[in-house]
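Take a look at the letters that make up each chain.
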Amino acid sequence: MTLPADQPSASAPDRAQRLAVTLFPVLVLLSGLLGYLLPGTFRPLAPLIPWGLGLIMFFMGATLTLPDFARIARQPLVVAAGVAAQYVIMPLLAWAVARALNLPPELAAGVILLGCVPGGTASNVVTYLARGDVALSVSLTTASTLLAPLMTPLLTLWLMGEATEVGFTTLMVSILKTVLLPVVLGVTVRVFFARGTTAVQPLLPWLSTAAISLIVAVIVGGSAERLAAAGLLVLVAVVLHNGLGLLLGYLVGRMMGLNAAAQRTLAFEVGMQNSGLAASLSTLHFSPLAALPAAVAAVWHNLSGAVLAASFARQPLPEERRPGGTQRI
């Protein structure tokens, strides 16, 4: 998502994105409650989950511009290190959390898959709110998403081992169809129909929010009977996974010698996952119960990200403390 990093006033699309991210946890929580109370209404909609995810990824592609991809080439080492941190820290943390909590196989599969998906697009907006390096955030989200068809199945199957019968090719094809192809289509539409795409930019965050809310309602409806027993355990697993990811991402930025804005960015890019993709893959290839960690993460990641962003925003960047200093993005 393209956000202004150096302008004092935000445009209409940026205000829409910030408002959508602020209300997103509430809307998703309400959707989950509806799914729990009316499971018979939402359970039959399970076949729509991949289509909903495809729409979300199409909207992401429609917010990207060619300069977003050029940024990756301008700072390849930083982007490569950030993406490597994403695909090393979160999968291993997911495996460790599943083992430490002795999760049942289906829930363990869901947590591991959540750890192996790319970063979520909400991290771009949260980075903006935290006064982080928005250009770097967009570069990292784009790069990790483009690598997802290879990295997500590879890491998922490696960490699950013999606990799954799903094949590498099966997962890879699913991600290509529901992630990469819609993103490419979105970018294509943005390039060739720039004026029309720009006009609808304020609607895209809300359409994405509606799609992920529907996905959560369907997932919760599909496993409502077992949610009461497993809900607390899933919440603990998601909170641990996310919290440690945010912390380690921030520390990686410090170890790399990045500036304060970039350190904040690494925290969000590593700690916030594409819960919609995890939910879709879990439902398609595992079970509705395996999709519960992703449904919970859809709420928690945005809530924790918003709280951390508010905390960061109250802390001046080091360059701002110097007389005449300006924020470097």
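Everything numeric here is computed off the predicted structure, so don't read it as measured data.

Calculation notes
- Residue positions are given per chain, counting from 1 as you read along its sequence in written order.
- Given that the model is predicted, a residue must reach a pLDDT of at least 70 before its local features are reported, and side-chain atom pairs must reach 80 or more before they are shown or counted; all residues, however, enter totals for whole chains, interfaces and linings.
- Note that water and hydrogens are dropped before the side-chain values are worked out from all heavy atoms of the structure.
- Only runs of H or I of at least four residues qualify as helices and only runs of E of at least two qualify as strands under DSSP, and these elements are numbered from the N terminus.
- Pairs of residues are marked as contacts when any of their non-hydrogen atoms sit within 4.5 Å.
- Note that accessible areas follow from Shrake-Rupley with a 1.4 Å probe, and for residues the cover is restricted to the protein chains shown.
- Working definition: rings of Phe, Tyr and Trp (its six-membered ring) pair if their centres are within 6.5 Å, and the pair is stacked with planes under 30 degrees apart, edge-to-face with planes over 60 apart, and tilted otherwise.
- The cut-offs for exposure are 20% and 50% of the maximum accessible area for each residue type, with area from a 1.4 Å probe on protein chains only; residues under the lower value are buried, those over the upper are exposed, and the others partly exposed.
- Working convention: axes come from line fits to C-alpha atoms, limited for helices to the stretch in contact. Angles between N-to-C directions cover 0 to 180 degrees.
- Note: crossing handedness is left-handed where the near helix turns anticlockwise from the far helix by less than a right angle, and right-handed where it turns clockwise.
- Under the scheme applied, nonpolar residues are Ala, Val, Leu, Ile, Met, Phe, Trp, Tyr, Cys and Pro; charged residues are Asp, Glu, Lys and Arg; polar residues are all the others, including Gly.
- Think of a polar contact as two N or O atoms within 3.5 Å of one another; within protein, one of them needs to be a possible hydrogen donor and the other a possible acceptor, and neighboring residues in sequence only count if both atoms come from side chains.
- Patch membership requires more than 30% relative accessible area and the absence of a salt bridge. Residues of like charge join within 9 Å; the nonpolar side chains Val, Leu, Ile, Met, Phe, Trp and Tyr join within 5 Å.
- In what follows, salt bridge is the name for a side-chain nitrogen of Lys or Arg lying within 4 Å of a carboxyl oxygen of Asp or Glu.
- Nonpolar cores were defined as sets of buried Ala, Val, Leu, Ile, Met, Phe, Trp, Tyr and Cys residues, with membership established by side-chain atoms within 4.5 Å.
- One fewer than the residue count of a helix, multiplied by 1.5 Å, yields its expected span.
- Axes are fitted to the seven residues ending at a residue and to the seven starting at it; the angle between these axes is taken as the bend at that residue.

When helices and strands are counted, the protein shows 16 helices and zero strands. A separation of at least 24 residues holds for 84% of the contacts in the protein among residues at least 6 apart in sequence. Accessible surface computed for the protein: about 14000 Å², of which carbon and sulfur atoms make up 70%.

What follows is about the packing of aromatic side chains. Tallying each qualifying case throughout the model produces three aromatic pairs. Pairing Tyr250 with Phe312 gives two aromatic rings, centres 5.9 Å apart and planes at 25 degrees, and the pair type is stacked. Separated by 62 residues along the polypeptide, Tyr250 in helix α12 (residues 224–255) and Phe312 in helix α15 (residues 292–313) bring together distant segments of the chain. According to the relative accessible area criterion, Phe312 is buried, its value standing at 9%. With a centroid separation of 6.0 Å and an interplanar angle of 85 degrees, the aromatic rings of Phe268 and Phe312 are classed as edge-to-face. Here Phe268 is found in helix α13 (residues 260–271), whereas its partner Phe312 is found in helix α15, with 44 residues between them in sequence. This pair shows no difference in class: Phe268 is buried, exactly as Phe312 is. Members of the aromatic cluster, connected to one another through ring pairs, are Tyr250, Phe268 and Phe312.

What follows concerns the packing of helix α3 (residues 49–63) against helix α9 (residues 168–192). Packing of α3 against α9 leaves a shortest axis separation of 7 Å and a crossing angle of 40 degrees. Crossing of α3 over α9 shows right-handed handedness. Of α9, the residues touching α3 (which contributes Pro50, Leu53, Gly54, Met57, Phe58, Met60, Gly61, Ala62 and Thr63) are Thr178, Val179, Pro182, Val183, Leu185, Gly186, Val187, Val189 and Arg190. Among the residues making up the contact of α3 with α9, the classes are represented as twelve nonpolar, five polar and one charged.

Mapped onto the elements of the fold, Arg190 is located in helix α9. Among the polar contacts listed, one links the side chain of Arg190 to the backbone oxygen of Ala62, at a separation of 3.0 Å. What Arg190 contacts, discounting residues up to four positions off in sequence, is Gly61, Ala62, Thr63, Leu64, Thr65, Thr197, Thr198 and Gln201.

Further remarks concern a nonpolar patch on the surface. A surface patch of nonpolar side chains, about 780 Å² in accessible area, is lined by Leu23, Val26, Leu27, Leu30, Leu33, Leu34, Tyr36, Leu37 and Leu38. The topology assignment puts Leu33 in helix α1 (residues 12–37).

Glancing now at the nonpolar core. Ranked by internal contacts, the top residues of the largest apolar core, which has 75 residues, are Met57, Ile89, Leu103, Ile215, Ile219 and Leu277. With near-sequence residues (within four places) excluded, Leu277 lies in contact with Leu53, Val117, Pro118, Ile175, Thr178 and Val179. Ala130, Leu246, Phe268 and Ala309 belong to the second largest nonpolar core, which has eight residues in total.

Moving on to the environment of Thr121. By secondary structure assignment, the location of Thr121 is in the loop between α6 (105–116) and α7 (122–129). When its relative accessible area of 17% is taken as the criterion, Thr121 is described as buried. In this structure the C-alpha to C-alpha distance between Thr121 and Met60, which are 61 residues apart in sequence, comes to 7.2 Å.

Okay, α6 next. Taking 1.5 Å of rise per residue, twelve residues should cover 16 Å, and α6 covers 16 Å from first to last C-alpha, within 8% of that figure. Taken across its twelve residues, α6 has ten buried, putting it largely inside the fold. Among all positions in α6, only Leu107, Ala108, Ala109, Gly110, Val111, Ile112, Leu113, Leu114, Gly115 and Cys116 are buried. Taken together, the buried residues of α6 touch α5 (76–100), α8 (134–160), α12, α14 (275–285) and α15.

Turning next to α9. In an α-helix, one turn spans 3.6 residues; hence positions three or four apart end up facing the same way. Here α9 is 25 residues long and its end C-alpha atoms lie 34 Å apart, about the 36 Å a rise of 1.5 Å per residue gives. The axis of α9 is deflected most strongly, by about 40 degrees, at Leu176. For α9, the set of buried residues is Leu171, Ser174, Ile175, Thr178, Val179, Pro182, Val183, Gly186, Val187 and Arg190.

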